[in-house]
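Given next are the chains, with one letter for each unit.
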Amino acid sequence: MTEYNIHTMLRAVAAAALAVGAVTAAHAADPVAKWCEGVKIAAFPGGPQGGVFANNVYNGYRQAELDLGPKVTYYFSNWDPNTMLTQLQQAIATKVDGIAFMGHPGDAATDPQIEKAFAQGIIFTTANSALPEAQKKFGPQGMGYVGAPNHAAGYALGAEAAKRAGIKAGDAAFVWGLKGQGGDRGSRTVGVIEAIEKAGGKVIYQEIDKATDADPNAGTATFVGVMKANPDVKLVVTDHGAVTANVGVYARAASLKPGQVFFAGFDMSPNTAKAVKDGYQDLVIDQQPYLQGYLPILNICLTKKFGFSGLDINTAGAFVDPKNVDVVAPLAAKEIR
């Protein structure tokens, strides 16, 4: 065999080997159905069960469970931080592979449990309210955050609402929020207040009590009382998805006509969309809670199966108002927005 023929043959063999290797590599990367099957996850939708915001998060969790294949156990908490912490201890005790938590209790209260979880090999990640100190430490091990940057989102809504409501120096604005909760969650209310005060508004603040946190109808008397005591209020900001969804009920109970007071709040829902169309709700910032369910499950699965670090995703989508509500309303009706 000539030298030319030998070289030709060797090149052909090498090309064939590369082709086989390419096929093998492509085979290894082929999609796999239910690729997270066998992984056990504890997931916190917030609560209460069936509540407007929590149900959207829950639907996201459930879709991820169906798509990816893990076994998910759900913990509803009525948005109560102490309940969340108790349930977190229970979840760790069950020796799950991952926990999708909401960071409402804050770093100081939650971080010791996060340390315990990772020490046991449990992947911990958060949604809706961040735990930034723990995320700094455990991000490479899978701890991420899916949600809005809360202080920035609060400030953005407060500034836009003050602008659209025409707030001037000394104008009264009623902010109904969760500043007292502290941490990342409380910072959203703080952001709202700071923006309104920067615009010159005089803020009348009311903390959302536990009863209203769990059932927005429980806050009707509170709302009516504040509005009667402050008839000059030009702007109302509700820093709570379920409370925002109940704005139509509050406004009617206080004998307010559509457009009489500018209402702004957080999170889309069927009732919120209706309130916008009815002229009561003027501005909503949407943080897409469905993603706050789906993506933490994906985060845990990616870390468990492939060693990926934590996802950090801003879900604060956009403002919704009467001009664009018809685009979002059908998704809100399906509880996926």
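Our subject is the structure that appears above.
Here's a quick rundown of the structure. These figures come from a predicted structure and were not determined experimentally.

1. Describing the packing of helix H12 (residues 270-278) against helix H14 (residues 325-333)
So, point 1. One way to put it is that H12 packs onto H14 with a least axis distance of 8 Å and a crossing angle of 155°. Relative to H14, the element H12 is oriented roughly antiparallel. In the packing of H12 onto H14, the handedness of the crossing is left-handed. Contacts between H12 and H14 involve Pro270, Ala273, Val276 and Lys277 from the first element and Val325, Asp326, Ala329, Ala332 and Ala333 from the second.

2. Some thoughts on the packing of aromatic side chains
Aromatic ring pairs: the centre-centre distance and the angle between the two ring planes describe each pair.
So, point 1. This structure, assessed with the given rule, holds 16 aromatic pairs.
So, point 2. Aromatic pair Phe44 and Phe101: ring centres 4.8 Å apart, planes at 75°, arrangement edge-to-face. Of the two residues, Phe44 is situated in strand S1 (residues 40-46) and Phe101 in strand S3 (residues 98-102); the sequence distance between them amounts to 57 residues.
So, point 3. With relative accessibility at 1%, the residue Phe44 sits in the buried group.
So, point 4. For Phe101, a relative accessible area of 1% gives the class buried.
So, point 5. Taking 6.0 Å as the distance between ring centres and 45° as the angle between the ring planes, the aromatic pair formed by Tyr61 and Tyr74 counts as tilted. Of this pair, Tyr61 sits in helix H2 (residues 52-68) while Tyr74 sits in strand S2 (residues 71-76); the two residues are 13 residues apart in sequence, bridging distant segments of the chain.
So, point 6. Counting every residue linked through ring pairs, the aromatic cluster contains Phe174, Trp176, Phe223, Tyr250 and Phe263.

3. With respect to unusual backbone geometry
So, point 1. With an omega dihedral of 5°, the bond running from Gly47 to Pro48 counts as a cis peptide bond.
So, point 2. Structurally, the position occupied by Pro48 is in the loop between S1 and H2.
So, point 3. In the Ramachandran plot, Asn78 falls in the positive-phi region, its phi being about 60° despite a non-glycine side chain.
So, point 4. As for its position among the elements, Asn78 is in the loop between S2 and helix H3 (81-93).

4. Looking at the pattern of salt bridges
Working definition: two side chains of opposite charge can pair if their charged atoms are close together.
So, point 1. For the structure on display, the rule yields 13 salt bridges.
So, point 2. The salt bridge involving Glu133 is made with Lys136; its shortest N-O contact spans 3.6 Å. Placement of both Glu133 and Lys136 in helix H5 (residues 132-138) is noted, with a separation of three residues, approximately one turn of the helix.
So, point 3. One salt bridge in this structure joins Arg252 and Asp278, with 3.4 Å as the shortest N-O distance.

5. Here's the deal with the environment of Ala245
So, point 1. In this structure, Ala245 sits in helix H10 (residues 241-245).
So, point 2. Judged by relative accessible area, which is 7%, Ala245 ranks as buried.
So, point 3. With 31 residues separating them in the primary sequence, Ala245 and Val276 have C-alpha atoms 9.9 Å apart.
So, point 4. The contact partners of Ala245, leaving out residues within four places of it in the chain, are Val52, Ser269, Asn271 and Thr272.

Reading the values: rules and limits
Residues numbered from 1 in each chain as written. Predicted model: local features only at pLDDT ≥ 70, side-chain atom pairs only at ≥ 80, totals over all residues. Heavy atoms only, no water. Axes fitted to C-alpha atoms, helices over the stretch in contact; angles between N-to-C directions. Helix = DSSP H or I, 4+ residues; strand = E, 2+ residues; numbered from the N terminus. Parallel < 35°, antiparallel > 145°, perpendicular 65-115°, else oblique. Left-handed = near helix turned anticlockwise from the far one by under 90°. Contact = heavy atoms within 4.5 Å. Phe/Tyr/Trp six-rings, centres within 6.5 Å; stacked < 30°, edge-to-face > 60°. Buried < 20%, exposed > 50% of the residue type's maximum accessible area, 1.4 Å probe, protein only. Salt bridge = Lys/Arg side-chain N within 4 Å of Asp/Glu carboxyl O.

Everything listed here is a matter of geometry and, on its own, says nothing about what the molecule does.
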